[in-house]
Amino acid sequence: TSADVVADLQTMHDGSMYTIGEVSGVPGFDLEVDFAKVTSISAIVVRAFYEGSATHFVRVQLYNYDTTTWDTIHTLATGSDYQQHFKTIVSDDNYISSGVAIVRVYHTESGDASHDIHIDYVGLKK
């Protein structure tokens, strides 16, 4: 749960961020960002930093409508400052359904309440 709003994810370098505190249990957090009117995807762009431990990882995933599972596109490690992550999508065939694509930022391990993720931007490149 976050007190922040989706608009905090829409513009890079605007001073707004979406912060999620981890919770105990699996997943530590699960943020799904839905995109509408998507016609193609050539890349995912995420600007974020994860304040966690070196043994915890955050997956950036796309929902695969063909397999009905999440495909990991990138993994964020712990850090102390924002980094921009740009990951190319070779084929978007399975990631768009009726104009909708879903990006998930997912902490797979059991969470620790002293860890947070700060996300400045989540976007799809056409």
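Before reading further, recall that the structure is shown in the block above.
Residues numbered from 1 in each chain as written. Predicted model: local features only at pLDDT ≥ 70, side-chain atom pairs only at ≥ 80, totals over all residues. Heavy atoms only, no water.

Participant: Before we move on, could you go through the overall build of the protein chain and cite the residues and values that matter?
Facilitator: Within the protein chain one finds zero helices and eight strands. Put simply, the protein chain runs from its N terminus to its C terminus through helices and strands in the order β-β-β-β-β-β-β-β. Compactness check: the protein chain gives a C-alpha radius of gyration of 14 Å against a globular reference of 14 Å for 126 residues, within 12% of the reference. Buried positions account for 41% of the 126 residues belonging to the protein chain. Sequence separation of at least 24 residues holds for 78% of the intrachain contacts in the protein chain that already meet a minimum separation of 6. Accessible surface, the protein chain: about 6,500 Å² in total, of which carbon and sulfur atoms supply 48%. The averaged location of the 17 negative side-chain charges in the protein chain is 9 Å from the averaged location of its 7 positive side-chain charges. (Helix = DSSP H or I, 4+ residues; strand = E, 2+ residues; numbered from the N terminus. Rg over C-alpha atoms; globule rule 2.2 N^0.38 Å. Buried < 20%, exposed > 50% of the residue type's maximum accessible area, 1.4 Å probe, protein only. Contact = heavy atoms within 4.5 Å. Areas by Shrake-Rupley, 256 points an atom, 1.4 Å probe, with all protein chains shown as cover. Lys, Arg positive; Asp, Glu negative; His and termini not counted. Charge placed at Lys NZ, Arg CZ, Asp CG, Glu CD.)

Participant: Give me the lowdown on unusual backbone geometry, citing residues and values where you can.
Facilitator: The omega torsion across V26 and P27 is 0 degrees, close enough to zero to call that bond cis. On the secondary structure map, P27 appears in the loop between β1 (18–21) and β2 (29–35). In this structure, H13 is a non-glycine residue whose phi angle is positive, near 65 degrees. In this structure, K37 takes a positive phi of about 60 degrees despite not being glycine. The residue K37 is located in the loop between β2 and β3 (43–51) in this model. The class for K37 is exposed, based on a relative accessible area of 78%.

Participant: Describe the nonpolar core, and please don't skip the residues or the numbers.
Facilitator: If you look at the biggest cluster of nonpolar residues, it comprises 25 residues, and the most contacted ones within it are L31, I117 and I119. Secondary-structure elements contributing two or more residues to this core are β1, β2, β3, β4 (58–64), β7 (101–107) and β8 (116–125). Look past the residues within four positions of I119 in its chain and what remains in contact with it is D8, L9, M17, Y18, L31, R47, A48, Y82 and V105. (Core = buried A, V, L, I, M, F, W, Y, C linked by side-chain atoms within 4.5 Å.)

Participant: Quick rundown of the environment of G52? Include the residues and the values.
Facilitator: Here G52 shows up in the loop between β3 and β4. Sequence-wise, G52 and S80 are 28 residues apart; in three dimensions their C-alpha atoms are separated by 9.3 Å. Excluding anything up to four places from it in sequence, G52 contacts T78 and H115.

Participant: Tell me what's going on with the environment of A101, and back it up with residues and numbers.
Facilitator: Residue position: A101 is located in strand β7. A C-alpha to C-alpha distance of 6.7 Å links A101 and V38, two positions 63 residues apart in sequence. Setting aside residues no more than four positions away along its own chain, A101 makes contact with V33, D34, F35, V38, I41, Y65, Y95 and L124.

Participant: Let's hear about the packing of aromatic side chains: which residues, and what values?
Facilitator: With the rule as written, the count across this model stands at four aromatic pairs. Note on F49 and Y82: the rings are 4.9 Å apart at their centroids and 90 degrees apart in plane angle, and the pair reads as edge-to-face. Of this pair, F49 sits in strand β3 while Y82 sits in the loop between β5 (69–76) and β6 (83–88), and the two are 33 residues apart along the sequence. A relative accessible area of 13% places F49 in the buried class. Measuring from centroid to centroid gives 4.9 Å for Y63 and Y65, while their planes differ by 85 degrees, and the two rings are edge-to-face. We classify Y65 as partly exposed; its relative accessible area is 26%. Aromatic rings pair up to connect Y63, Y65 and W70 into one cluster. (Phe/Tyr/Trp six-rings, centres within 6.5 Å; stacked < 30°, edge-to-face > 60°.)

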